[in-house]
Amino acid sequence: MGISNGFFYNLLGLASCAAFLYFSLSDFSYDLRDQFAVENEPKLRFVERNGTQFVLDGKPFYVNGWNSYWLMDQEVEEKTRYRVRAIFRTGAKMGLTVCRTWAFNDGTYNALQISPGRFDERVFQALDRVIEEAKRNGIRLILSLANNLDAYGGKRQYVKWAWDEGIGLSASNDSFFFDPSIKNYFKLYLKTLLTRKNHLTGILYKDDPTIFAWELMNEPRCSSDPSGRILQRWIEEMSRYVKSLDSNHLLTVGLEGFYGYSTPEKLDVNPGNWVHMLGSDFIHNSKIASIDFASVHVYPDTWMEHADLSEKENFVTKWVKSHIEDGDKILHKPVLFTEFGLSSQANGFDNSHRLLFYKAIFDAVYESAKKNGSGAGAFIWQLLVDNMEIFVDNFAIVPEKIPSIYSLLKEQSCRLAGLRYKHGLFEKLFRNACD
């Protein structure tokens, strides 16, 4: 198929000049659009891990990504499907490589899982279309598998199901992590999802390279056990189970990045003492052999409500640097900053503050990537298209409406993709596309 991505229009125009140049550039455009998945490639390949780096075809693969958690939800009904197509086109124009989104909706409106083991085929087909639309636009996906929060059901819904059936051990939401019945519910969901055959392509999800990675849970916390042992055992068990079903894809936990008692020397890097009671432990949880890369979130104003701008800036610098160093020296795995944002409701907010923070994160990732380090990419939270007021939170951005953010995202795409092509004709044409 042809490529409609305006970001690489100049590149493809040059590619059509001669047959041999065309085939050379189709390989080049593959890496920029899938590291930019071009659709005239005979076979899309899985992104893999080699030490602290992601690799595609033996070359480093860097992620400039975004969050649009709502894709499956908006794909269900015909009247809102245009939003999914629009956000993928926007991401492709900015050269973004991976989108993180929810592959769960448990027991709520347009639920994928209506009750344990009972699924709505209509919603599953919506997720099929999301995956195919991502591929069409040269985007890969991180699919998150559960929510620690209540939105879209979350762990609370699993606990309610067990409690309503009279088999739950506890009404505590944290029983999601230790109740055998609930863990079996979750494993049934995992098996159903990973072995799902896409009705459009006939490809099982576990065999589809459009999916960059699975994420066990969005922001897992187990406050009832500050020692972290319960959450650690759950991650070990569920990550092994996912890998037993799917040996193709990368897997991450979905952590926020808070340090725990396994690294007491790092506790002062946390945004406050309150995080020590959450039961998560960045190093201990991320070290698990069946976890392929570490995930970190960055929310300075949410976590440090009373800090001034300078304090938040210092925290972000220290937080990002510390986790990249962890990836390099302790975990020996890539690190992705899978959510970052600055609230528009913060005291004295100005859009220039976002630019300052976002650029600091992008610069840290780029500097690490230049040295073949573990800083592998970052995902802005969150991108929307026009007329999505119901989904607007304090972090939401419609990129076309904020040119400075749009330009910053595109610039980072160019910088990271440029690290893959440093010599000769490819470098020359890459610069042409990004100018």
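Structure: see above.
Quantities reported herein were computed from a predicted structural model and do not represent experimental measurements.

Thresholds applied
- Residues numbered from 1 in each chain as written.
- Predicted model: local features only at pLDDT ≥ 70, side-chain atom pairs only at ≥ 80, totals over all residues.
- Heavy atoms only, no water.
- Helix = DSSP H or I, 4+ residues; strand = E, 2+ residues; numbered from the N terminus.
- Buried < 20%, exposed > 50% of the residue type's maximum accessible area, 1.4 Å probe, protein only.
- Contact = heavy atoms within 4.5 Å.
- Areas by Shrake-Rupley, 256 points an atom, 1.4 Å probe, with all protein chains shown as cover.
- Polar contact = N/O pair within 3.5 Å; in protein donor to acceptor, adjacent residues only side chain to side chain.
- Pairing = 2+ DSSP bridges.
- Phe/Tyr/Trp six-rings, centres within 6.5 Å; stacked < 30°, edge-to-face > 60°.
- Core = buried A, V, L, I, M, F, W, Y, C linked by side-chain atoms within 4.5 Å.
- Axes fitted to C-alpha atoms, helices over the stretch in contact; angles between N-to-C directions.
- Parallel < 35°, antiparallel > 145°, perpendicular 65-115°, else oblique.
- Left-handed = near helix turned anticlockwise from the far one by under 90°.
- Nonpolar A, V, L, I, M, F, W, Y, C, P; charged D, E, K, R; others polar.
- Expected span 1.5 Å × (residues − 1).
- Bend = angle between axes of the 7 residues up to and from the residue.
- Salt bridge = Lys/Arg side-chain N within 4 Å of Asp/Glu carboxyl O.
- Right-handed = clockwise from strand over helix to strand, strands pointing away.

Novice: Which parts of the structure should I look at to understand the overall build of the chain?
Specialist: If you tally the helices and strands in the chain, you get 14 helices and 13 strands. Sorting the 435 residues of the chain into buried and exposed places 60% on the buried side. For the chain, contacts bridging at least 24 residues in sequence account for 73% of all contacts bridging at least 6. Accessible area for the chain stands at about 16,900 Å²; split by element, carbon and sulfur atoms hold 51% of it.

Novice: How should the side chain of H249 be read in this particular structure?
Specialist: Structurally, H249 is set in the loop between α8 (229-245) and β10 (250-252). Within the local environment of H249, its side chain forms a polar contact with the backbone oxygen of K206, the two atoms lying 3.5 Å apart. A polar contact of 2.7 Å, which involves the side chain of H249, links it to the backbone oxygen of D208. Contacts of H249, omitting those with residues within four sequence positions, involve F46, Y205, K206, D207, D208, P209, I211, F212, W214, K243 and D292.

Novice: Sorry, what's going on with the environment of R85 here?
Specialist: Tracing the chain through its elements places R85 in helix α4 (residues 81-93). With a relative accessible area of 37%, R85 lands in the partly exposed category. Put simply, R85 and V130 are 45 residues apart on the chain and 8.6 Å apart in space, counted from C-alpha to C-alpha.

Novice: Whenever I open this one, the pairing of strand β13 (residues 375-380) confuses me. Can you help?
Specialist: Within a regular strand, the side chains alternate between the two sheet faces. The element β13 is largely enclosed, with a buried count of six among its six residues. The sheet contact formed by strand β4 (residues 63-67) and β13 spans four bridges and is parallel. Paired with V63 across the two strands is G377, which belongs to β13. As judged from the four bridges shared by strand β12 (residues 335-340) and β13, these two strands associate in the parallel manner. The residue of β13 that forms the bridge with L336 is G377.

Novice: Is there a simple way to explain the packing of aromatic side chains in this structure?
Specialist: Two measures describe an aromatic ring pair: the distance that separates the ring centres and the angle between the ring planes. As enumerated under the stated definition, the model contains 36 aromatic pairs in all. Taken together, a centroid distance of 6.0 Å and an interplanar angle of 55 degrees make the contact between F258 and W319 tilted. Note that F258 is positioned in the loop between β10 and α9 (282-286) and W319 in helix α11 (residues 309-331), a separation of 61 residues in sequence. A single burial state applies to F258 and to W319, both of which are buried.

Novice: How should I be thinking about the nonpolar core in this particular structure?
Specialist: If you look at soluble globular proteins, the nonpolar side chains tend to sit buried side by side. With 113 residues, the main nonpolar core has F88, F176, F186, Y189, L193, W214 and W234 as its most contacted residues. In terms of nonpolar packing, the next biggest core, distinct from the first, is built from 14 residues, L56, V63, V98 and L250 among them.

Novice: Help me understand the packing of α11 against helix α12 (residues 351-370), please; the structure alone is not making it clear to me.
Specialist: For any two helices packed against each other, one specifies the crossing angle of their axes together with the interaxial distance. Closest axis-to-axis distance for the α11/α12 pair is 10 Å, and the angle between their directions is 20 degrees. It follows that α11 is roughly parallel to α12 by the angle criterion. The two elements α11 and α12 cross, and the hand of that crossing is right-handed. The residues of α12 that touch α11, namely those facing L309, K312, E313, V316, V320 and I324, are H353, L356, F357, I361, A364, V365 and S368. Its residues assigned to classes, the contact of α11 with α12 comprises nine nonpolar, two polar and two charged.

Novice: Would you mind showing me how to read α11 here?
Specialist: Note on helix geometry: an α-helix contains 3.6 residues per turn, so any two residues three or four positions apart are oriented the same way. Here α11 spans 31 Å end to end across 23 residues, near enough to the 33 Å set by a 1.5 Å rise per residue. At E325, α11 is bent by approximately 25 degrees, the largest bend along its length. For α11, the complete set of buried residues consists of K312, F315, V316, W319, V320, S322, H323, I324, D326, G327 and L331. Each element contacted by the buried residues of α11 is listed here: α9, β11 (294-298), α10 (300-303), β12, α12 and β13. Between the side-chain oxygen at the start of α11 and the backbone nitrogen of S310 there is a gap of 3.2 Å, and the oxygen is on D308.

Novice: Any chance you could explain the sheet that holds strand β3 (residues 59-60) here in plain terms?
Specialist: Two pairing modes exist for strands in a sheet, parallel and antiparallel, and in both the strands are linked by backbone hydrogen bonds. Strand order across the open sheet formed by three strands is β1-β2-β3, with antiparallel pairing between neighbours. The outermost strands of the open sheet, each flanked by one partner alone, are β1 (48-50) and β3. Two strands pair when backbone bridges link them, and strand β2 (residues 53-56) and β3 are joined in this way by two bridges, in the antiparallel orientation. Paired with L56 across the two strands is K59, which belongs to β3.

Novice: Which parts of the structure should I look at to understand the pattern of salt bridges?
Specialist: Side-chain pairs of opposite charge can arise where the charged atoms are in close proximity. Applying the stated criterion to the full structure yields 22 salt bridges. Note that E75 is salt-bridged to R81, the shortest N-O span being 3.8 Å. We classify E75 as buried; its relative accessible area is 5%. Close ionic contact of E215 with R100 constitutes a salt bridge, the shortest N to O distance being 2.9 Å.

Novice: Sorry if this is basic, but what is going on with the pairing of strand β9 (residues 211-215) here?
Specialist: Counting buried positions over the five residues of β9 gives five, a clear majority of the element. As paired elements, strand β8 (residues 140-144) and β9 share four bridges and run parallel to each other. Across the sheet, S144 pairs through a bridge with E215, a residue of β9. Bridge count between β9 and β10: three bridges; the pairing is parallel. Paired with W214 across the two strands is L251, which belongs to β10. Of the crossover connections in this fold, the one passing from β9 over α8 to the parallel β10 is right-handed.

Novice: For this particular structure, what's the right way to read the environment of Y62?
Specialist: If you trace the backbone, Y62 turns up in the loop between β3 and β4. Of the residues examined, Y62 reaches a relative accessible area of 4% and is grouped as buried. Each C-alpha atom of the pair Y62 and A417 lies 7.1 Å from the other, and the pair is 355 residues apart in sequence. For Y62, the side chain forms a polar contact with the side chain of Q53, separated by 3.4 Å.

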